[in-house]
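A closer look at the structure
The residues making up each chain are set out below.
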Amino acid sequence: MKKYYTRACNFFYGSKSKKLLKNKETLPLCGDNLISFNQIEIFIKDKKKVKSRIINIKNISKLPSEIKKKVSRDILKITAKRQFLGKKNHMLMGILNLTPDSFSDGGKFNSLTKANERVKTMIDSGADIIDVGGESTRPGSKIVSQKNELRRVKKVIKKFKSKYPKTLLSVDTRKSLVMNFSIKHNADIINDVSCFTFDPNSLNTLKNKNLWKIIHHM
């Protein structure tokens, strides 16, 4: 049995987004006219095989009936207005990689001074969430021990909520030792790229804890 999944892509922002929406050339993301898209990617899963294709939203009506019905339902969900984390319909996450080998900024903010400066810059620029990570999960990266990962992030996490009580703290980790330390220091979000499968103690660490969990795959 084939299954179909829909992903919005090719985004426009600000005044450009408003203009395109007015001309009915894009659709709003989460009901927000400041962010819109004009393409979707349709994933087709047939047993273990997955393939996809990207189409313009204007071509949705040309899809085969079965796919069109599923995509249309997905589009209603993607464009529906909503609130996120009790605030607004979208939020900005700033990324702080305290690693030597992350693909985008490895080694740039490894000192405590540089890390704190980076956090302040991202918050001043509008970040609602700061995501702190001590292990690169780029393709080919090496696994970091729990103690080494905690050593990299603990000073930033320990002081974060006292410095920025209105900013959400997200901790990007697969390890229960780091999760437990983060929870003790009032982290708002645990972001695990292994979907809580890497460390067998992860789920017990988070069980009944009042915080958000992001689960996805590398």
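Residues numbered from 1 in each chain as written. Predicted model: local features only at pLDDT ≥ 70, side-chain atom pairs only at ≥ 80, totals over all residues. Heavy atoms only, no water.

**Let's talk about the nonpolar core**
Side chains that are nonpolar tend, in soluble globular proteins, to be buried together. Within the largest apolar cluster, 27 residues are counted, with the highest numbers of intra-cluster contacts made by Leu-96, Ile-130 and Val-132. Contributing elements (two or more residues each) for this core: α3 (112-124), β6 (129-133), α4 (146-163), β7 (168-172) and α5 (176-184). By residue number, the principal contributor to this core is α4, which donates five residues. With sequence-adjacent residues up to four places away left out, Ile-130 is seen in contact with Gly-94, Val-119, Met-122, Ile-123, Phe-160, Thr-167, Leu-168, Leu-169 and Ser-170. Membership of the second largest hydrophobic core comes to 14 residues, among which are Ala-8, Ile-40, Ile-42 and Ile-67. (Core = buried A, V, L, I, M, F, W, Y, C linked by side-chain atoms within 4.5 Å. Buried < 20%, exposed > 50% of the residue type's maximum accessible area, 1.4 Å probe, protein only. Helix = DSSP H or I, 4+ residues; strand = E, 2+ residues; numbered from the N terminus. Contact = heavy atoms within 4.5 Å.)

**A few points about the side chain of Lys-175**
Secondary-structure assignment places Lys-175 in the loop between β7 and α5. Classification of Lys-175 by relative accessible area gives buried; the value is 2%. Side-chain polar atoms of Lys-175 contact the side chain of Glu-135, separated by 3.0 Å. If we skip the residues at most four places from it in the chain, Lys-175 touches Glu-135, Val-144, Ser-145, Gln-146, Glu-149, Phe-198 and Asp-199. (Polar contact = N/O pair within 3.5 Å; in protein donor to acceptor, adjacent residues only side chain to side chain.)

**As for the pattern of salt bridges**
Think of it this way: side chains of opposite charge can pair up when their charged atoms draw near. Per the counting criterion, the structure on display carries seven salt bridges. We note a salt bridge from Glu-135 to Arg-174, for which the minimum N-O separation is 2.9 Å. With a gap of 39 residues between them, Glu-135 in the loop between β6 and α4 and Arg-174 in the loop between β7 and α5 connect regions that are remote in the sequence. Here the two residues Glu-135 and Arg-174 agree in accessibility, since each one is buried. (Salt bridge = Lys/Arg side-chain N within 4 Å of Asp/Glu carboxyl O.)

**Observations concerning the pairing of strand β3 (residues 32-46)**
Across eleven bridges, the pairing between strand β1 (residues 2-13) and β3 is antiparallel. Counted as the bridge partner of Tyr-5 is Phe-43 from β3. Looking at chain direction, strand β2 (residues 27-29) and β3 are connected through three bridges and run antiparallel. Note that in β3 the partner of Pro-28 across the bridge is Ser-36. Judged from the eight bridges that link them, β3 and strand β4 (residues 49-56) form a sheet pairing that is antiparallel. Within β4, the position partnered with Ile-42 by the bridge is Arg-53. (Pairing = 2+ DSSP bridges.)

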